[in-house]
Amino acid sequence: MPQRASDAHPRIEEHVGAMAAVYPYSYSIASHIRRPARSDAPPGPPDRAHTKSARSVSAIADILNCTDRSELSRMRLPPPTPTAHGPRLKFLGQRAAQQVDVDLMSKFGYTIEQLMELAGLSVAESIAAEYRPGKVLLCIGPGNNGGDGLVAARHLAQFGFCASLFYPKQPAKSLYQSLVRQCEAFNIPVVQDLDAELQSSDIVVDALFGFSFKGTPRAPFDKVLESLRATNKPIIAVDIPSGWDVEAGNPQGTGILPDMLVSLTAPKLCAKAFAGRFHYLGGRFIPPEMAETLGIPAYPGASNCLRLQID
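Residues numbered from 1 in each chain as written. Predicted model: local features only at pLDDT ≥ 70, side-chain atom pairs only at ≥ 80, totals over all residues. Heavy atoms only, no water.

Focus: the overall build of the chain
Here comes step 1: Along the backbone of the chain there are 13 helices and 8 strands.
Here comes step 2: Expressed as a percentage of its 311 residues, the buried residues of the chain come to 47%.
Here comes step 3: For the chain, the share of sequence-separated contacts (at least 6 apart) that also reach a separation of at least 24 residues comes to 74%.
Here comes step 4: Surface summary for the chain: the accessible area is close to 15,800 Å², and the carbon and sulfur share equals 53%. (Helix = DSSP H or I, 4+ residues; strand = E, 2+ residues; numbered from the N terminus. Buried < 20%, exposed > 50% of the residue type's maximum accessible area, 1.4 Å probe, protein only. Contact = heavy atoms within 4.5 Å. Areas by Shrake-Rupley, 256 points an atom, 1.4 Å probe, with all protein chains shown as cover.)

Laid out in structure tokens, this is it:
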């Protein structure tokens with residue numbers, strides 16, 4: 001008789017327990033899935049919350065009763081319910097966003113490496129919440145936005161995605177060189193033919209330019225943006241959709257049109273013009289004092305990302 005994966009592999013129980021922090025109500029139900037019902041338990045009225053959580057419970061039951069280890073890598077819980085951010089959440093202009101980074105490092109003691117690691121992790125978690133593992137192409141720029149993308153690539157590889165990098169202009173700074181070496185350690189290749197990779201990929205990550213970018217993209221990124229605008233593959237933009245102005249958005253229509261936007265730390269003013277399907281907030285490293293000032297909503301459980309309701 002085949003064993004369930006949770007019986008054969010005790011660590012799966014640990015993973016199930018970790019996911020409970022993200023889906024607390026569903027897991028409170030799932031904890032009883034394998035227990036016989038009490039014969040003396042009185043029947044009760046239908047529980048609306050139970051009905052709402054049925055899909056999550058079903059997914060958890062599949063994990064607990066899975067007999068094929070290869071199936072586990074393809075299983076995922078339903079995405080989180082969008083959170084209404086409310087009027088207190090601030091959308092930041094360029095100077096305000098730059099000052100937040102300055103304060104995080106000077107006042108609160110963070111390093112750029114820490115911020116980049118946590119931001120990239122939140123990008124990967126956001127993607128994993130909405131897209132099934134498949135082939136993902138990450139288009140990497142020369143600055144910190146590109147560094148976030150390199151971190152995200154490594155985490156996506158660990159989440160079961162087949163990641164590749166298009167990195168046309170690699171800086172000489174040791175920080176970025178180290179991030180590339182880490183990707184190499186996870187067998188993430190750097191590719192040269194952008195159009196061919198776009199055709200063979202399931203989703204694309206735009207990690208080209210961040211909130212500090214201004215002006216018109218120069219070569220080779222002007223051609224990269226043309227290819228991204230022409231593709232029909234879902235695009236996930238990291239913090240700022242490339243080709244957009246951080247404050248004005250995309251008034252000329254020359255920027256990309258992402259399916260998902262992952263705002264880091266706090267949304268930027270341009271995010272008000274985002275018209276894609278999924279808007280996430282990532283980067284769970286804001287100290288309480290700053291979170292209160294910026295109106296950051298509470299993150300669910302142990303998650304590093306938060307899906308925002310699109311108005």
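From this point on, the discussion continues.
As for helix H9 (residues 144-158)
Here comes step 1: Taking 1.5 Å of rise per residue, the 15 residues of H9 would be expected to cover 21 Å, and the 22 Å separating its terminal C-alpha atoms lies within 8% of that figure.
Here comes step 2: All of the buried residues along H9 are Asn-145, Gly-146, Gly-147, Asp-148, Gly-149, Leu-150, Val-151, Ala-152, Ala-153, Arg-154, His-155 and Leu-156. (Expected span 1.5 Å × (residues − 1).)

Digging into the side chain of Asp-259
Here comes step 1: By the secondary structure assignment, Asp-259 is in the loop between strand E5 (235-238) and strand E6 (260-264).
Here comes step 2: Within polar-contact distance, the side chain of Asp-259 engages the side chain of Arg-277 at 2.8 Å.
Here comes step 3: Residues within four places of Asp-259 in sequence aside, it is in contact with Tyr-131, Pro-234, Ile-235, Phe-274, Gly-276, Arg-277 and Phe-278. (Polar contact = N/O pair within 3.5 Å; in protein donor to acceptor, adjacent residues only side chain to side chain.)

Details of the confidence of the model for the chain
Caution applies to low-pLDDT parts of the model: their predicted coordinates are not meant to be read in detail.
Here comes step 1: In this model, the chain carries an average pLDDT of 80, and 71% of its residues clear a pLDDT of 70 or more.
Here comes step 2: Note on residues 1-74: pLDDT is under 50 here. Beyond four places in sequence and across chains, it has 75 contacts. (pLDDT = per-residue confidence, 0-100.)

Topic: the pattern of salt bridges
When the charged atoms of two side chains lie near each other, side chains of opposite charge can form a pair.
Here comes step 1: Inspection of the entire model under this criterion finds 8 salt bridges.
Here comes step 2: The shortest N-O distance in the salt bridge between Arg-154 and Glu-117 comes to 2.8 Å. One end of the pair, Arg-154, is in helix H9; the other, Glu-117, is in helix H8 (residues 112-130), with 37 residues separating them in the sequence.
Here comes step 3: Looking at Arg-154, the relative accessible area reads 9%, which means it is buried.
Here comes step 4: Ionic pairing is found between Glu-197 and Lys-135, a salt bridge with its closest N-O pair at 3.5 Å. (Salt bridge = Lys/Arg side-chain N within 4 Å of Asp/Glu carboxyl O.)

So, the sheet that holds strand E7 (residues 278-282)
Here comes step 1: Taken together, 8 strands build an open sheet; the order of strands is E3-E2-E1-E4-E5-E6-E7-E8 and the sheet is mixed. Edge positions in the sheet fall to strand E3 (190-191) and strand E8 (305-308), since each of these pairs with one other strand and no more.
Here comes step 2: Judged from the 4 bridges that link them, E7 and E8 form a sheet pairing that is antiparallel. By the bridge assignment, Leu-281 is partnered in E8 with Leu-306.
Here comes step 3: Across the sheet, H8 touches strand E4 (203-207), E5, E6, E7 and E8, and the angle it forms with E6 is around 150°.
Here comes step 4: Running over the sheet, H9 touches strand E1 (135-140), strand E2 (162-166), E4, E5 and E6 and is turned about 160° from E1. (Pairing = 2+ DSSP bridges. Axes fitted to C-alpha atoms, helices over the stretch in contact; angles between N-to-C directions.)

Quick look at the pairing of E5
Here comes step 1: Because side chains alternate across E5, one face comprises the buried residues Ile-235 and Ala-237, and the other comprises Ile-236 and Val-238, equally buried.
Here comes step 2: In this sheet, E5 lies alongside E4 in parallel orientation, the contact comprising 3 bridges. For Val-205, the partnering residue across the bridge sits in E5 and is Ile-236.
Here comes step 3: When E5 meets E6, the two strands line up parallel, connected through 3 bridges.

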